[in-house]
Amino acid sequence: MSEQVDAMTAKEMEFVTLVAGGQNFCIEITQIREIRRWSPVTILPHSPDYVLGVMNLRGAVIPIVDLAAKLGFEKIEPTERHVIIITAVEEKIVGLLVESVSEIIGVSTDMVRDIPRGPEDATTRAILGIIAIGEEMTKIINLSILSSKKDQVAA
């Protein structure tokens, strides 16, 4: 009987998997507005090194963030093979430069595992949990933390 209750309480979630900094990550599909090819951006002076600049997206000025650099990995040198994921979290729209987007996965909430916690900083708080898919470990990105006032990604 308890297995039936557990099955009913486990919700299905959908994520878009991506690669940034050579690592596997995913973002909840409801936070993604669109996925587009890399195109040059307008550089902003005095912005953090992970902010590549801004782009005009149908009349809106969108900051573009190098996700790998933001998470503490080596910066991505953008080419036409790279992808920008336009995300919307708490009414803030931000573009994330990533190496590639792989697939859409559906997982139940009971498949999401906690990650071991050590000293916390903006990078460790940006990971909500981890999903084991075969031999791969895919980290779930907490976009709310990446765009919070405390850990601001762009001006």
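Note that the structure is a prediction, hence the values are computed from the model and not measured.

**Q** Help me understand the side chain of T17 in this model?
**A** Here T17 is to be found in strand β1 (residues 12–20). Using a relative accessible area of 8% as the deciding quantity, one classes T17 as buried. Contact partners of T17, with chain neighbours within four places excluded, come to F25, C26, V101, S102, E103, I105 and T138.

**Q** What should I look at first to understand the nonpolar core in this one?
**A** The tendency in soluble globular proteins is for nonpolar side chains to be buried as a group. Formed by 36 residues in total, the largest nonpolar core has its most connected members in L18, I27, I64 and L67. Going through the elements one at a time, β1, β2 (23–28), β4 (51–57), β5 (60–66), α2 (67–70), β6 (83–89), β7 (92–98) and β10 (127–133) are the ones with two or more residues in this core. With 5 residues, β6 is the single largest residue contributor to this core. Grouped together as the second largest cluster of nonpolar side chains are 6 residues, C26, I105, V107 and I140 included.

**Q** Sorry, what's going on with the sheet that holds β5 here?
**A** Neighbouring strands of a sheet are bound in pairs by backbone hydrogen bonds; such pairs are parallel or else antiparallel. Reading across the sheet, the 5 strands line up as β3-β6-β7-β5-β4 and stay open at both edges, with mixed pairing between neighbours. Either end of the sheet is taken by a strand with one partner, and the two such strands are β3 (32–37) and β4. Taking the axes of each pair of neighbouring strands and ignoring which way they run, one obtains an average angle of 30° across the sheet. The sheet contact formed by β6 and β7 spans 7 bridges and is antiparallel.

**Q** Looking at this structure, I do not really get the sheet that holds β1. What am I missing?
**A** Strand order in the open sheet formed by 6 strands is β8-β1-β2-β11-β10-β9, with mixed pairing between adjacent strands. Taken across any chain shown, the strands that pair with only one partner, and hence form the sheet edges, are β8 (100–108) and β9 (112–113). Sheet analysis places β2 next to strand β11 (residues 136–141), joined by 2 bridges and oriented parallel. Residue F25 lies in a different strand from β11, and its bridge partner there is K139.

Procedures and definitions
- Residues numbered from 1 in each chain as written.
- Predicted model: local features only at pLDDT ≥ 70, side-chain atom pairs only at ≥ 80, totals over all residues.
- Heavy atoms only, no water.
- Helix = DSSP H or I, 4+ residues; strand = E, 2+ residues; numbered from the N terminus.
- Buried < 20%, exposed > 50% of the residue type's maximum accessible area, 1.4 Å probe, protein only.
- Contact = heavy atoms within 4.5 Å.
- Core = buried A, V, L, I, M, F, W, Y, C linked by side-chain atoms within 4.5 Å.
- Pairing = 2+ DSSP bridges.
- Axes fitted to C-alpha atoms, helices over the stretch in contact; angles between N-to-C directions.

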